[in-house]
Number of protein chains: 2
Amino acid sequence: MKEDEMNINKSATPPLAPELIEQFRKIVGERHAITDAADIEAYVTEERNLFHGRSPLVLRPGSTAEVAAICKLASEHRIALVPQGGNTGLVGGQTPHNGEVVVSLRRLDKIREVDTASNTMTCEAGVVLQIAQQKASDVDRLFPLSLGAEGSCTIGGNLSTNAGGTAALAYGVAREMALGLEVVLADGRVLNVLSKLKKDNTGYNLHNLFIGAEGTLGIITAATLKLFPKPRAVETAFVGLKSPEAALKLLTIAQGEAANALTSFELLSEMAVDFSVRHGIDVRDPLSEKHPWYVLMELSTASDDARTPLETILTRAMEEIVDDAVIAASLAQRNNFWKLREEMSAAQKPEGGSIKHDISVPVAAVPAFIEEANAAVVKLIPGARPVPFGHLGDGNLHYNVSQPIGANTADYLARWHEMNAVVFEIVLRMGGSISAEHGIGVLKRDELPEVKDKTAIELMRQIKAMLDPLGIMNPGKVL
Amino acid sequence: MKEDEMNINKSATPPLAPELIEQFRKIVGERHAITDAADIEAYVTEERNLFHGRSPLVLRPGSTAEVAAICKLASEHRIALVPQGGNTGLVGGQTPHNGEVVVSLRRLDKIREVDTASNTMTCEAGVVLQIAQQKASDVDRLFPLSLGAEGSCTIGGNLSTNAGGTAALAYGVAREMALGLEVVLADGRVLNVLSKLKKDNTGYNLHNLFIGAEGTLGIITAATLKLFPKPRAVETAFVGLKSPEAALKLLTIAQGEAANALTSFELLSEMAVDFSVRHGIDVRDPLSEKHPWYVLMELSTASDDARTPLETILTRAMEEIVDDAVIAASLAQRNNFWKLREEMSAAQKPEGGSIKHDISVPVAAVPAFIEEANAAVVKLIPGARPVPFGHLGDGNLHYNVSQPIGANTADYLARWHEMNAVVFEIVLRMGGSISAEHGIGVLKRDELPEVKDKTAIELMRQIKAMLDPLGIMNPGKVL
């Protein structure tokens, strides 16, 4: 699929008047208003080169007050804005497809406060996720949000897209890690509902409106985040088994035994493991024989002993559910297990075109989903190779389908939406979501009205009109 | 404080026309439209007799469709509605102060589905909390929401008020237990965002708007709730110590050692324990000597052993932090510990008037808050007796102040708002909340604009106007 097949509205935007550029420049200072096309390039393209936008102006504000001044000026002149964090989004939400002004939040990179007694950390939007994780670790705490792009994505982007990742099973998604926000509204008003409080029943819950809104309702400038006790022991197992049903049984045993100490439970198909071993750098299969399915599971405990509960789980499961299993004997071996998982996306590229689905279904429905979806995509395109893998504990699968061996890649990818439709029909019938982690952006905007409750869509439009009556906040995204 | 001192708007509502009563009656059926004043009484008064409302009509719909029809008809004729669950709210939110029609949700009492593989339960609004807990327990799961009124409060009321309770430390407040909702809007539209999904990033988060909105934005008719593994071991300790600072240190040790297995951590002042022992039925102090402060803490583990981590915590704390401690040796002893805590509110009544504050501050600020507040209330009313107790792990205190010995109760209670002002000033300076658990209702409505971010209040009013343009949903509450 190419960008021009996505129905992105590319209607002409009037060029930004030089006087206006000058006014914006005054807000952020000479150095932080970028108009040079070569310098702008990094803000209008993204890593996979799936989206390519254009913009006359990138603003890099250094404070909430500057963001507020930008929004106020933009409102007065109906100038459309695209907020951007680390520019790692996967659905084109951070790209100015239509000549909008980019507001990069990366200079808002202060950690305003760390409070170990209250277990909170107040970060500005531009703090890189890995920096936030490190800061928590420095004070013997855990900030558990963890995902592939953590070296460059930002807290503001994580919250705007409600990021998920590999630790959501125990700690929840990004939404559940935020106690409060500071948000600049379209008209420049600053909403301050930063809070360290776990209990506060004074009026409507406002901050959750902005989390996951992908910058269409306002610009998140800071957040109060929860910190957790740092686990003292981590143990990781790589397990071979016969089916997703067996994996689901193992999950039930593991949750019964370890509850929230079960911090990861990743289901991997044989093909996903094969590709990763074949194409990944320094990736090995930890088990001596092949299995139709694998589980990568991890326990993290407050006590010194995560080994005993992990062994108890595997022992209980070994007779009927698990065919083979190995527990990482060292940190290096643990990293190897995870490398196999982390290389999985990249390892699909050498196998040709891959049509991707970021879906979730109720956990109980995952085995049935895989069975039905596998049959349906092969029926649609004989020889297509499903490569499912993902977070079974959250019911969230990256249901990617590689092209038939020897097929023409462009022809295969041209059927992206057609295959989506087949897969999404099964997802929806099972009460699932067509975007579990990555959001809507422009990539799934056209599908949204078809998959969402009609009244929910109406309310979303009402909320958008209420908070952004001029339609200047990240236009053309989500709705 | 009496109801008439609360500035409740008691302006005359035009009487409900008999034809309209007939139309409402047709929706719910003869038996479920109550117009007899004696039968209505139970819906317009509440247990503590602090609020006394009036209503010409109580409707008891039996389905979401009936609730929708009621709202549609009410919209067409601008009839104000007050949704009600178990009628156990503490801030007058469920009372028809001004002749509104009461919509009792208690007949919506079906548990629509329990899914042990997905760990979810879909309950209608009128399901009594204790029934939901029992249903979860029957399938070897835990529904952790737990509070004093659990025998009569309902899931709909719990969510509308975002109830807290004693297990919020590990499991969060009611909001965090809901994956999705079914809500009837003011105009009768039904919003269906019920969901079993932990990860779903398709558009704006709508259900959190209605949680904690106290029925002013719509009527919650059903919810998908999270279930948790049932703990296999529970151990409870009663601890004597010198100060809130010591309790905070103990909390830090306990969370470091037990993480989420620390399911309760209640701080109790000497006077709160004294009152409970003196006036509670079958209440004894588990420790042989008196201490200035006490902690009731509980560990609940997925494994069979909660004893070892609890003993580890107490051993680590025994030298400098804890002066004495006893671990419950039996279920009966554990129940005795909790009885002492549960009788605490009732035990304040025989001591005369009590001015109450349901506040939260950042956990780290609790000791400073207690010190400052105690000094301030005694300065305001010499001889006043602070009786603080509550959920230290959440920074949530029931900061109740009993009258001076021998003082006139009415004179003392007449200073309710005056004392509130003194206490709330300290709360706000520390970044706290004037309503941690109980909500705003009518009791704190006048204070809300003073304590909340100005832009937040503006947004709340915009949202109210958007969702309830005629102002028929629980008018006069919250805003």
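Residues numbered from 1 in each chain as written. Chains lettered and ligands numbered in written order. Predicted model: local features only at pLDDT ≥ 70, side-chain atom pairs only at ≥ 80, totals over all residues. Heavy atoms only, no water.

Colleague: Help me understand the overall build of chain A in this model?
Modeller: For chain A, the helix and strand inventory stands at 16 helices and 19 strands. In terms of overall dimensions, chain A is globule-like: its C-alpha atoms have a radius of gyration of 23 Å, near the 23 Å expected for 479 residues. Based on the C-alpha atoms only, the size of chain A along its principal axes is roughly 75 × 55 × 45 Å. Taken across its 479 residues, chain A has 61% of its residues classed as buried. (Helix = DSSP H or I, 4+ residues; strand = E, 2+ residues; numbered from the N terminus. Rg over C-alpha atoms; globule rule 2.2 N^0.38 Å. Buried < 20%, exposed > 50% of the residue type's maximum accessible area, 1.4 Å probe, protein only.)

Colleague: Just to check I follow, could you spell out the interface of chain B and chain A for this structure?
Modeller: Note: interface size is frequently given as the accessible area lost on complex formation between the parts. The partner chain A presents 84 residues to the 84 residues of chain B that form the contact. Between chain B and chain A, the buried area comes to about 6500 Å², and carbon and sulfur atoms account for 56% of it. When the buried area of chain B at its contact with chain A is split by residue, Lys-199, Asn-201 and Tyr-204 of chain B rank highest and sum to 16% of it. The tally of links from chain B across to chain A stands at 10 salt bridges. Of the charged contacts in the structure, one is a salt bridge between Glu-257 of chain A and Arg-232 of chain B, with a shortest N-O distance of 3.2 Å. Counting across the interface, chain B meets chain A through 40 residue pairs in polar contact (both at pLDDT 80 or more). Counting residues per element, the ones that place at least two in the side of chain B that touches chain A are β9 (190–193), α7 (207–210), α8 (244–258) and α16 (454–467) of chain B. Broken down by element, the side of chain B that touches chain A gets its largest block of residues, 10 residues, from α16 of chain B. (Contact = heavy atoms within 4.5 Å. Buried area = accessible area lost by both parts, 1.4 Å probe. Salt bridge = Lys/Arg side-chain N within 4 Å of Asp/Glu carboxyl O. Polar contact = N/O pair within 3.5 Å; in protein donor to acceptor, adjacent residues only side chain to side chain.)

Colleague: Help me out: how do you make sense of the nonpolar core in this one?
Modeller: One broad rule of soluble globular proteins: the nonpolar side chains tend to lie buried together. One finds Phe-143, Leu-159 and Phe-210 of chain A together with Phe-143, Leu-159 and Phe-210 of chain B to be the most contacted residues of the largest nonpolar core, which totals 90 residues. Listed in part, the 56 residues of the second largest apolar core include Ala-233, Ala-237, Met-297 and Leu-310 of chain B. (Core = buried A, V, L, I, M, F, W, Y, C linked by side-chain atoms within 4.5 Å.)

Colleague: Just checking my understanding: could you explain the pattern of salt bridges for this structure?
Modeller: If charged atoms from side chains of opposite charge come close, those side chains can pair. Residues and elements named next belong to chain A. Following the criterion strictly, the structure yields 62 salt bridges over all chains and no others. One salt bridge in this structure joins Glu-266 and Arg-341, with 2.6 Å as the shortest N-O distance. With Glu-266 in strand β13 (residues 262–269) and Arg-341 in helix α11 (residues 331–342), this pair connects stretches of sequence that are 75 residues apart. For the pair formed by Glu-266 and Arg-341, the shared burial category is buried.

Colleague: Just checking my understanding: could you explain the side chain of Asn-201 of chain B for this structure?
Modeller: Of note, Asn-201 of chain B is situated in the loop between β9 and α7. With near-sequence residues (within four places) excluded, Asn-201 of chain B lies in contact with Thr-161, Asn-162, Glu-214, Ser-433, Ser-435, Ala-436, Glu-437, His-438, Gly-439 and Ile-440 of chain A.

Colleague: Explanation requested: the relation of the copies chain B and chain A in the structure shown.
Modeller: Two copies of a chain can be linked by a rotation about an axis combined with a shift along that same axis. Here chain B sits on chain A after a turn of 180 degrees about the axis and a move of 0.0 Å along it, with an RMSD of 0.0 Å. With respect to symmetry, the two chain copies, as superposed, fit the operation of a two-fold axis. By residue overlap, the copies meet face to face through one surface: 100% of the interface positions of chain B are interface positions in chain A. (Least-squares fit on C-alpha atoms with pLDDT ≥ 70 in both.)

Colleague: What am I meant to see in the packing of helix α12 (residues 366–380) of chain B against helix α14 (residues 416–429) of chain B here?
Modeller: Any two packed helices are characterised by the angle at which their axes cross and by the distance between the axes. Residues and elements named next belong to chain B. Running from amino to carboxyl end, α12 crosses α14 at an angle of 155 degrees, the nearest separation of the two axes being 10 Å. Between α12 and α14, the angle is such that the two are roughly antiparallel. The handedness of the crossing between α12 and α14 comes out as right-handed. For the pair α12 and α14, contact is made by Phe-369, Glu-372, Ala-373, Ala-376, Val-377 and Leu-380 and by Glu-418, Met-419, Val-422, Val-423, Ile-426, Val-427 and Arg-429, respectively. The residue inventory of the contact of α12 with α14, partitioned by class, reads 10 nonpolar, no polar and 3 charged. (Axes fitted to C-alpha atoms, helices over the stretch in contact; angles between N-to-C directions. Parallel < 35°, antiparallel > 145°, perpendicular 65-115°, else oblique. Left-handed = near helix turned anticlockwise from the far one by under 90°. Nonpolar A, V, L, I, M, F, W, Y, C, P; charged D, E, K, R; others polar.)

Colleague: Hey, could you run me through the packing of aromatic side chains in this one?
Modeller: For any pair of aromatic rings, the description rests on two quantities: the centre-to-centre distance and the angle between the ring planes. All names here are of chain A. Evaluated as defined, the whole model comprises 8 aromatic pairs over all chains. Measuring from centroid to centroid gives 5.0 Å for Tyr-171 and Phe-228, while their planes differ by 70 degrees, and the two rings are edge-to-face. You can see Tyr-171 sitting in helix α6 (residues 168–171) and its partner Phe-228 sitting in strand β11 (residues 228–229), a full 57 residues away along the chain. A residue is classified by how much of its surface remains accessible, and Phe-228, at 17% relative accessible area, is buried. A network of ring pairs unites the aromatic residues Phe-238, Tyr-294 and Phe-337 as a single cluster. (Phe/Tyr/Trp six-rings, centres within 6.5 Å; stacked < 30°, edge-to-face > 60°.)

Colleague: Just checking my understanding: could you explain unusual backbone geometry for this structure?
Modeller: Excluding glycine, most residues fall at negative phi; most peptide bonds, likewise, are trans. Residue and element names in this part refer to chain B. The phi angle at Arg-78 is positive, at roughly 50 degrees, despite the residue not being glycine. Among the secondary structure elements, Arg-78 is positioned in the loop between α3 (64–76) and β3 (81–84). One non-glycine residue, Ala-259, adopts positive backbone phi at about 45 degrees. For Ala-259, the location among the structural elements is in the loop between α8 and β13 (262–269).

Colleague: Quick question: what am I supposed to make of the sheet that holds strand β10 (residues 219–226) of chain A here?
Modeller: What links the strands of a sheet is backbone hydrogen bonding, and the strands pair in either a parallel or an antiparallel sense. Residues and elements named next belong to chain A. Spatially, 5 strands are ordered β5-β6-β10-β8-β9 in an open sheet, and the strand pairing comes out antiparallel. The two strands at the open ends of the sheet, each matched to only one other strand, are β5 (111–115) and β9 (190–193). Strand-to-strand twist across the sheet, computed as the mean angle between neighbouring axes with direction ignored, equals 15 degrees. Sheet analysis places strand β6 (residues 120–124) next to β10, joined by 5 bridges and oriented antiparallel. (Pairing = 2+ DSSP bridges.)

Colleague: Help me out: how do you make sense of the packing of helix α16 (residues 454–467) of chain A against α16 of chain B in this one?
Modeller: Closest axis-to-axis distance for the α16 of chain A/α16 of chain B pair is 11 Å, and the angle between their directions is 140 degrees. Considering the angle they form, α16 of chain A stands oblique to α16 of chain B. Seen from above, α16 of chain A lies across α16 of chain B with right-handed handedness. Note on element contacts: α16 of chain B touches α16 of chain A through Leu-459, Gln-462, Ile-463, Met-466 and Leu-467 of chain B, opposite Leu-459, Gln-462, Ile-463, Met-466 and Leu-467 of chain A. Taken together, the residues that form the contact of α16 of chain A with α16 of chain B break down as 8 nonpolar, 2 polar and no charged.

Colleague: How do you make sense of the sheet that holds strand β1 (residues 33–34) of chain B when you look at a structure like this?
Modeller: All names here are of chain B. Strands sit in the order β1-β2-β4-β3 across an open sheet of 4 strands; the sheet is mixed. The open sheet terminates on both sides in strands that have one partner only, identified here as β1 and β3. By the bridge criterion, 4 bridges tie β3 to strand β4 (residues 101–104) in an arrangement that is parallel. Paired with Leu-81 across the two strands is Val-101, which belongs to β4.

Colleague: Teacher, can you tell me more about the environment of Asn-336 of chain A here?
Modeller: All names here are of chain A. Here Asn-336 lies in helix α11. In this structure Asn-336 comes out as partly exposed when scored by relative accessible area, which is 29%. Once the C-alpha coordinates of Asn-336 and Asp-282 are considered, the two residues, 54 residues apart in sequence, prove to be 8.1 Å apart.

Colleague: Explain the side chain of Thr-224 of chain A to me, please; I cannot follow it from the model alone.
Modeller: Residues and elements named next belong to chain A. Summarising the element assignment, Thr-224 is placed in strand β10. Within the local environment of Thr-224, its side chain forms a polar contact with the backbone nitrogen of Ser-195, the two atoms lying 3.2 Å apart. Residues in contact with Thr-224, not counting those within four places in the same chain, are Thr-120, Met-121, Thr-122, Met-177, Ala-178, Leu-179, Gly-180, Leu-194, Ser-195 and Lys-196.

So far we have only geometry, and geometry alone does not tell us how the molecule works.
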